[in-house]
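# A closer look at the structure
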Amino acid sequence: MSTNPQWKSFQPPDTMNQDSAIIDFKPMTSNGKASSQAFNFTNRSTSNSRFGQDFPLLQDKSSSFSNGLYGSSSTTHTNSRFPIGTFSLDSNNMFNSSGDSTLTNNVFSNGNNSSYNDSNSSNLGTRETGIIEKLLHSYGFIQCCERQARLFFHFSQFSGNIEHLKIGDPVEFEMTYDRRTGKPIASAVTKIAPEVVMSEERVTGTVTTELRGEGSGGDSTGRISYENRGECFFLPYTKDDVEGNVTLRAGDKVSFQIATNNRGNLGACHVRLENPAHPVKYQGVVCSMKESFGFIERADVVKEIFFHFSEAKTKEELRLGDDVEFTIQTRNGKEVACNITRLPSGTVIFEDLKPEILKGQVLKPLDRGPNARHQTDALPGRIRYRAPDHSEVEISFGDKDQRGDFTLRHGDWVQFKIATDRRDGLNRATHISLLDESFLVSGEKREQGVVASVKEGFGFLKCVEREARLFFHFNEILDVDREVVVNDEYEFTVVQDQTSTFSNNRQSAIRMKWLPHGTVQFETRVENDLTGIVFKEIPTTTWLNRSPTKNQNGEHAPESGLITYQANGVKKTIPFYSKDCDMKNYPRLGDKVEFNVNQVKRNKELIAVDIQVVQPATQTNGIKHRISNNCQIYQGFIAALKDGFGFIETIQHDKEVFFHFSNFEGEPNSLELGQEVEYNLGSRGNSGTCSSAENVKIIPKGTINLPPVIGDVLDGTVVRPLRSVNPDQTEYSGLIRIKTEDPEEKALEYEFGIMGLVNKRELLQVGDHVQLQVDSTGRAANIIAVRKKLRATVDAIKGHFGFLAYEVEEGKKLFFHMTEVKDNVNLQVGDTVEFVLVTNHRSGKSSACSVVKVSDVQARPERLISRLRTVSVDDAGPKLTVLRQPKGPDGSKGFSSEARVIRVPGIVVE
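Parameters and conventions
Residues numbered from 1 in each chain as written. Predicted model: local features only at pLDDT ≥ 70, side-chain atom pairs only at ≥ 80, totals over all residues. Heavy atoms only, no water. Helix = DSSP H or I, 4+ residues; strand = E, 2+ residues; numbered from the N terminus. Buried < 20%, exposed > 50% of the residue type's maximum accessible area, 1.4 Å probe, protein only. Areas by Shrake-Rupley, 256 points an atom, 1.4 Å probe, with all protein chains shown as cover. Pairing = 2+ DSSP bridges. Axes fitted to C-alpha atoms, helices over the stretch in contact; angles between N-to-C directions. Salt bridge = Lys/Arg side-chain N within 4 Å of Asp/Glu carboxyl O. Patch = residues over 30% accessible without salt bridge, like charges linked within 9 Å, V, L, I, M, F, W, Y side chains within 5 Å. Lys, Arg positive; Asp, Glu negative; His and termini not counted. Charge placed at Lys NZ, Arg CZ, Asp CG, Glu CD. Polar contact = N/O pair within 3.5 Å; in protein donor to acceptor, adjacent residues only side chain to side chain. pLDDT = per-residue confidence, 0-100. Contact = heavy atoms within 4.5 Å. Core = buried A, V, L, I, M, F, W, Y, C linked by side-chain atoms within 4.5 Å. Phe/Tyr/Trp six-rings, centres within 6.5 Å; stacked < 30°, edge-to-face > 60°.

### Things to note about the overall build of the protein chain
A tally of helices and strands in the protein chain yields 5 helices and 47 strands. Across the 910 residues that make up the protein chain, the buried fraction comes to 41%. With the model as given, the accessible surface of the protein chain reaches about 52900 Å², and the carbon-plus-sulfur share is 48%.

### Some thoughts on the sheet that holds strand E25 (residues 489-496)
Overall, mixed pairing links the 5 strands, which are arranged E22-E23-E24-E26-E25 in a closed barrel. Each adjacent strand pair in this sheet contributes to an overall mean axis angle of 50 degrees, direction not counted. Pairing geometry for strand E22 (residues 447-454) and E25, over 4 bridges, is antiparallel. Among the inter-strand pairings, Glu-447 is bridged to a residue of E25, identified as Phe-492.

### Focus: the pattern of salt bridges
On inspection of all chains with the given rule, the structure shows 41 salt bridges. With a closest N to O distance of 3.6 Å, Glu-465 and Lys-445 form a salt bridge. Highlighted residues: Glu-465 in the loop between strand E23 (458-463) and strand E24 (470-473) and Lys-445 in the loop between helix H3 (437-442) and E22, separated in sequence by 20 residues. Relative accessible area serves as the criterion here: at 44%, Glu-465 is assigned to the partly exposed category. Residue Lys-445 is classed as exposed on the basis of its relative accessible area, which comes to 55%. The closest approach of N and O atoms between Glu-749 and Arg-737, which form a salt bridge, is 2.7 Å. Linking Glu-749 in strand E40 (residues 749-752) with Arg-737 in strand E39 (residues 734-738), this pair joins segments that are 12 residues apart in sequence. The partly exposed category is assigned to Arg-737, whose relative accessible area is 39%. Through salt bridges with shared partners, a single network forms among Arg-298, Asp-300, Lys-303 and Glu-335.

### Observations concerning the sheet that holds strand E42 (residues 780-786)
Strand pairs in the sheet, formed through backbone hydrogen bonds, run parallel or antiparallel to each other. With antiparallel pairing, 5 strands are arranged side by side in an open sheet as E40-E39-E38-E41-E42. Of all the strands in the sheet, the pair left with one neighbour each is E40 and E42. Direction aside, the axes of adjacent strands within the sheet are offset by 40 degrees on average. For E39 and E40, the ladder comprises 4 bridges, and the chain directions are antiparallel. Each bridged residue has a counterpart across the sheet, and for Leu-735 the counterpart in E40 is Glu-751.

### A closer look at a negative patch on the surface
A contiguous patch of negative charge, built from Glu-741, Asp-742, Glu-744 and Glu-745, is present on the exposed surface. When you line up the elements, Glu-741 lands in the loop between E39 and E40. The exposed category is assigned to Glu-741, whose relative accessible area is 85%.

### Let's talk about the side chain of Asp-401
Within the secondary structure, Asp-401 sits in the loop between strand E19 (392-397) and strand E20 (413-421). For Asp-401, a relative accessible area of 2% corresponds to the buried category. Of note is the side chain of Asp-401, whose polar atom sits 2.8 Å from the side chain of Arg-428. At 3.3 Å, the side chain of Asp-401 forms a polar contact with the side chain of Thr-430.

### Observations concerning the confidence of the model for the protein chain
Here the protein chain shows a mean pLDDT of 75. Residues at 70 or above account for 73%. Long-range and interchain partners of residues 1-123, a stretch whose pLDDT sits below 50, account for 240 contacts in this model, where long-range means more than four residues apart. Of the regions scoring below 50 in pLDDT, residues 542-548 engages in 14 contacts with residues more than four places distant in sequence or in other chains.

### Describing unusual backbone geometry
The phi angle at Asn-339 is positive, at roughly 50 degrees, despite the residue not being glycine. Within the secondary structure, Asn-339 is located in strand E15 (residues 334-342). We classify Asn-339 as partly exposed; its relative accessible area is 32%. The backbone of Asn-487 shows a phi angle near 80 degrees, a positive value even though the residue is not glycine. Mapped onto the fold, Asn-487 is located in the loop between E24 and E25. With a relative accessible area of 53%, Asn-487 lands in the exposed category.

### What about the nonpolar core?
Grouped together as the largest cluster of nonpolar side chains are 21 residues, with contacts concentrated most on Ile-736, Phe-752, Leu-764, Val-770, Leu-772, Ala-780 and Ile-783. Elements that contribute at least two residues to this core include exactly strand E33 (631-641), E39, E40, strand E41 (769-775) and E42.

### Section: the packing of aromatic side chains
Within this structure, the stated rule accounts for 26 aromatic pairs. On the numbers, 5.8 Å between centres and 75 degrees between planes, the contact of Tyr-226 with Phe-256 is edge-to-face. Residue Tyr-226 is located in strand E7 (residues 222-228), and its partner Phe-256 is located in strand E9 (residues 253-260); the two are separated by 30 residues in the primary sequence. Owing to a relative accessible area of 5%, Tyr-226 belongs among the buried residues under this scheme.

### Some words on the side chain of Thr-430
Locating Thr-430 in the fold gives a position in strand E21 (residues 427-434). When sequence neighbours within four positions are dropped, the list of residues in contact with Thr-430 reads Leu-353, Asp-401, Phe-416, Lys-417 and Ala-419.

### Comments concerning a nonpolar patch on the surface
The grouping of Val-454, Val-485 and Val-486 at the surface amounts to a nonpolar patch, some 190 Å² of accessible area in total. Along the chain, Val-485 falls in the loop between E24 and E25.

### With respect to the environment of Thr-208
By the element assignment, Thr-208 lies in strand E6 (residues 203-209). Thr-208 sits in the partly exposed class, given a relative accessible area of 35%. Between the C-alpha atom of Thr-208 and that of Leu-248, which follows or precedes it by 40 residues, the distance is 9.8 Å. For Thr-208, the contacting residues outside a window of four places in its chain are Arg-223, Ile-224, Ser-225, Phe-234 and Ala-250.

This is the structure:
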């Protein structure tokens, strides 16, 4: 026994040293269920190791113990202690050699099936074996191996250091009964070690003999030496015992586990290379990098290996995709790459690429949503194609196999090549590109646009059919070799951006295909060779400073001018922009121009393009137009007056200009709505949402020629008020829709400004009924509100405002301002007035407008009213009946005009 290294490595517990006699166990019966799962140190490996399933432990019990570790089964062990630390409790190997569950013919038998024969053990109970199942603060539980039982034990019953006891440890114990409760408990608990079938801990050693190569003859096993308690042992190993695709050389430091084969011989299994004596060089490609570490995809096996930046032996820092060479060391039980050097690009080849280009259809695209990070399959995509033998074949692909990271969809037609991995021979589709016929098959809506701006990795498109800019990412461009440049033209599909949050419903462009320059057209030609007059020119600041304002989307919105022209006898107005003008001969107000008409695709708006000045004009319709010291004079109308400031309606009636009373040259109290003024635009540019006016002066009435009113009086309804009534709207002008008798007939609509109102203080609101006429420019004029007149008495007067005895809300009198009183009549408390009720839709408050004092007619005296109340109307009473109507002398109803002569004082008419 002493020559077997197994006895050197594993010593029996000290608890058995006190007994020098032979210890035999009494037969212990078992149902074979608990014991079959007690200890199984054999099946730790799933490889083809000699010490795995090809060498089952103790399959032949007679050969295992009689010729191996423990001598003959018929020999009585009289001269040596029983090796408690060297038996296994695997029922298949230990407790079932002859069909029963006794220990008679196995390890602990002396051939006569006796009990404890030692005189010192006469008072001992039957010793059983079990596994620690649970450990608590001061006690635990043992699962018995010989029977279905779970026994309590107290830590005081354990003979040894309780800290060395762990769940799953095999123990030996006696079963006794608790004196207090009478329940069975475990006592005299001692820890035992399992047999060296497969050692739990890994042992380190050195390769002394290398494996012989195939065909070279000789022994196909190698030798590993290791030291234990000052003695050196040599264990054999085979090729199947080595982990990983490595070749062990003499002198290599390795770690392994010790196992026993079916003949009882010890050997090394699960051999792992730790530190090679002559480091083996491996190759790979840097596939990912973090702050101070990364991973290399190995070229010898399909796996990645960790590396730290400090292991790079290069002058320059490593980058993603670098080909590298390295050695492998084991640190803290994990393989790491060391001594990393850079190789020339293209040195490492993982796969062989077949030259044939195949065509297939996508069955399963890659998931690029939020769940993509949880993807466990390295090649989740699937493509179906037809093989040369006309059979349908499915092939996988991964996220690195597309020529770009564009979005693929189910049913897309693609072309690809097949790559075969040299490491495991797996085929996959690669160099995948999208075919144009996919868009025809999918039926998806394709849009066009131009790159408006480019950032780092993304950009924005100006779309043909959309107002807002559209986000796109560079990885959605199908042609990966093309650099994204502003003004590039693309065709794309619009989808909901998967990366946006729930509240941010952003859309983005995918599957972007480059188009030749000039393909994308934002406008279509409608009419050619028209002539007109510039009715409104583009503000000077727009084309001098080149700093247009931004709209609500944060995009530059160029200001437009207006041109009036005749088409088929109808006078029309059309906008134009600076991009369509000749900068050397810029159109001014009143200039006669020639132009063409285009329709904008995204909003169907008609605009003038290709504008050429035919005849310049310095003054049109009496409107002053001059530029003095780069300060242009403008004209307009007072549109609104507030507390300390007001607004001017431009001569084109399309917007208002802010002005402060400090910039008015005159007395602000003299200002009235509709007055004609002239002004300069402020040097500070825009103030808020509109321009700012300076040097505001009142000009004589009639200086600005208003267009003549034509046509009959029409009935209409206000569908959009002036911006002074609703500051939230974007358009300045109001809009009136004409009533039609036929509901299917498209109703005409006319815009109006402050000068279109007969009563400039009239606050027209949505839904108000009006009467109007149309002027020669197609705008509404002479607008009169058709409203219900209400009557009430003046309840209170407080300076510039007052209250009427009319309740819109319970308990609140109706407010009115003195400016709303017609002819500035002085009202007194108790006066009866007629008024129009107006409600501000923005604030929800009501007020009285167009207040008119009722005529001061003497009311009937109270006495007369009381008398009239008492007059009887009974039919039975006396009645007054007119018998003859009065007539004049000539028989007419009254006196003729000739008969009445003015009498001169002092003269008697005969």
